[in-house]
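Observations on the three-dimensional arrangement
Next come the chains, spelled out residue by residue.
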Amino acid sequence: MNQSPITVQARAAVPPFVVRALLCPPPTRIDEALGREVNKRLMLWIKRIGIFAGKQEKIRASDFGRYAMLCHADTDDPKRLLLAAQCFAALFAVDDHYCDDQTLGGCPEKVAEHLSFAVSGIDPVHLPPPYKKELKEQQRRDPVLRGLLAYMKRVAHFSTPSQVARVRQITIAMFVAMAAEGPWRLYGTKPTIAEYLASRQVNSFWPCQVLIDPIGGYEVPANVYAKPEMQRVCALASLATTLLNDLYSAYKEHLNETGDFKLPYLLAAKHDCSLQEAIDKTADIHDAVMREYVALEQRLLKGADPLVRRYLTGLTTWIAGNQEWHKHSARYRIQA
C-alpha cells in the first residue's frame, strides 16, 4: 500500500512528540493499595477466563485495577471496583484480540465478523436446540466471548434490569462503530474529521462510564438518564476521555503502524502539518469538548436531585481518573 508523504513523515518523527497539559480535573482519589488489591483479583479472573494469552504480565502492568480505583471514587469495595476492572479487561480484549494485536488473532478482514458474533456475549441469543448447544460451544472456544459473558454476568449481579439494558445498548453501539475500523485499516481509507469524531463518541469509554451508578450502588432512573441533556453530558465525557486516549496511545500506534486513521494522523494529513502540530490540534479539540462538558455539567448541577448530582460527580471523577491512569499505565509507555 502506498503511503502519503505526510504518513512517511509521521512514521519518521524522532524524538517522539509531546502531549501538552490538557484541560482536565485532578484525580479525586489515589489509593494505591486498593488499586493493587483490585488488580490482583482481576488477574486471577483473567487467568481463569483465558483472555490475553501469553500477555498477562503486560496486562498486569497495564494496571486496570488502578484504573478502576481512580475512576470510581464513591466506593472502596474491591468487589464493586472489580466490575469496573473486568469491564476494562473484557473490552480491551475485544480491541486487542479482534483489531490491534496480530499475535492474539487481530485481523482487519475479520473485524466486522468477529464483532457481530461478539454481540452474542453482550445480549443473550435465544435459539432452539441443537443450535443453542452449538452456539455455546462456539462461544466457549473464543476467549473474548468467554470474557464478555463472564463480565455481563457480573454486571447483572450489581445492576437492575434497566441498568443491564443500558450497558448492552451502548456496548453494542460501540461494536458497530468499531467495525468501521476494519475497512479503514484494510483499504487505507481515511474518514473525514467529523466522521471520525462521530465514531469516537460511540467507539469510546461510554460502555465503561455507564457503570458509574451500578458500581456506586444506586440507579439513575432510565427516564432521567435518557433525557437529552443527560445524554449530551455523557456523550461529551465519552468523547473527551477517548480523545485523551488518542493522544496517549498515538506513539504506540506510531511505532506499531496500526493505521493512519487516528485523529492526529487525520489532522496531519488534512492540514499538511507535522505530527507534533497535529497532536497539539488534537489537544485543542479535546479541550474544546471539555469546555462544553464543564459548562453543561455546571448547568445540570443547579437544582439537580441527589442521584443526578451524584452521577455527574461520578462522571467528572471518571474523566479525572482516566487521565491519571493514561499518564502512568504501562499500556501506553513506550521506550524510545
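Throughout what follows, the structure given in this document is the object of discussion. (Residues numbered from 1 in each chain as written. Predicted model: local features only at pLDDT ≥ 70, side-chain atom pairs only at ≥ 80, totals over all residues. Heavy atoms only, no water.)

1. Details of the state of the cysteines
Just so we agree on the cut-off: To count as a disulfide, a pair of cysteine sulfur atoms needs to be within 2.5 Å. The classification of residues rests on relative accessible area computed with a 1.4 Å probe and restricted to protein chains. Under 20% of the type maximum is buried, over 50% is exposed, and intermediate values are partly exposed.
Across all of its chains, the model carries 0 disulfides by this definition. Counting only cysteine sulfurs, Cys-208 is the nearest neighbor of Cys-87, a cysteine outside any disulfide, at a range of 3.5 Å. In this structure Cys-87 comes out as buried when scored by relative accessible area, which is 1%.

2. As for the packing of aromatic side chains
Where two aromatic rings form a pair, the distance of their centres and the angle of their planes describe that pair. Where we set the bar: Side-chain rings of Phe, Tyr and Trp, where Trp is taken by its six-membered ring, are said to pair if the distance between their centres is within 6.5 Å; with planes under 30 degrees apart they count as stacked, over 60 as edge-to-face, and otherwise as tilted. Only runs of H or I of at least four residues qualify as helices and only runs of E of at least two qualify as strands under DSSP, and these elements are numbered from the N terminus.
Within the structure shown, the criterion is met by 12 aromatic pairs. With 6.3 Å between their ring centres and 40° between their planes, Phe-64 and Phe-88 make a pair best called tilted. Note that Phe-64 is positioned in helix α4 (residues 64–71) and Phe-88 in helix α5 (residues 78–100), a separation of 24 residues in sequence. Using a relative accessible area of 0% as the deciding quantity, one classes Phe-64 as buried. For Phe-88, a relative accessible area of 2% puts it in the buried group. With centroids separated by 3.9 Å and ring planes inclined at 10°, the aromatic side chains of Tyr-67 and Phe-88 adopt a geometry described as stacked.

3. Points about the environment of Ala-237
With respect to the element layout, Ala-237 can be found in helix α15 (residues 228–256). The buried category is assigned to Ala-237, whose relative accessible area is 0%. For Ala-237 and Trp-206, which are 31 residues apart along the polypeptide, the C-alpha to C-alpha distance reads 7.9 Å.

4. Section: the pattern of salt bridges
Formally: Criterion for a salt bridge: a side-chain nitrogen of Lys or Arg within 4 Å of a carboxyl oxygen of Asp or Glu.
Evaluated as defined, the whole model comprises 17 salt bridges. Close ionic contact of Lys-110 with Glu-113 constitutes a salt bridge, the shortest N to O distance being 3.5 Å. Since its relative accessible area comes to 37%, Lys-110 is described here as partly exposed. For Glu-113, a relative accessible area of 48% corresponds to the partly exposed category. With a closest N to O distance of 3.0 Å, Glu-292 and Arg-232 form a salt bridge. Taken together, the residues Glu-292 in helix α17 (residues 275–301) and Arg-232 in helix α15 connect sequence positions 60 residues apart. Here the salt bridges share partners, and the residues they tie into one network are Arg-20, Asp-284 and Asp-287.

5. Section: the environment of Asn-39
Relative to the helices and strands, Asn-39 is located in helix α2 (residues 32–49). For Asn-39, a relative accessible area of 6% corresponds to the buried category.

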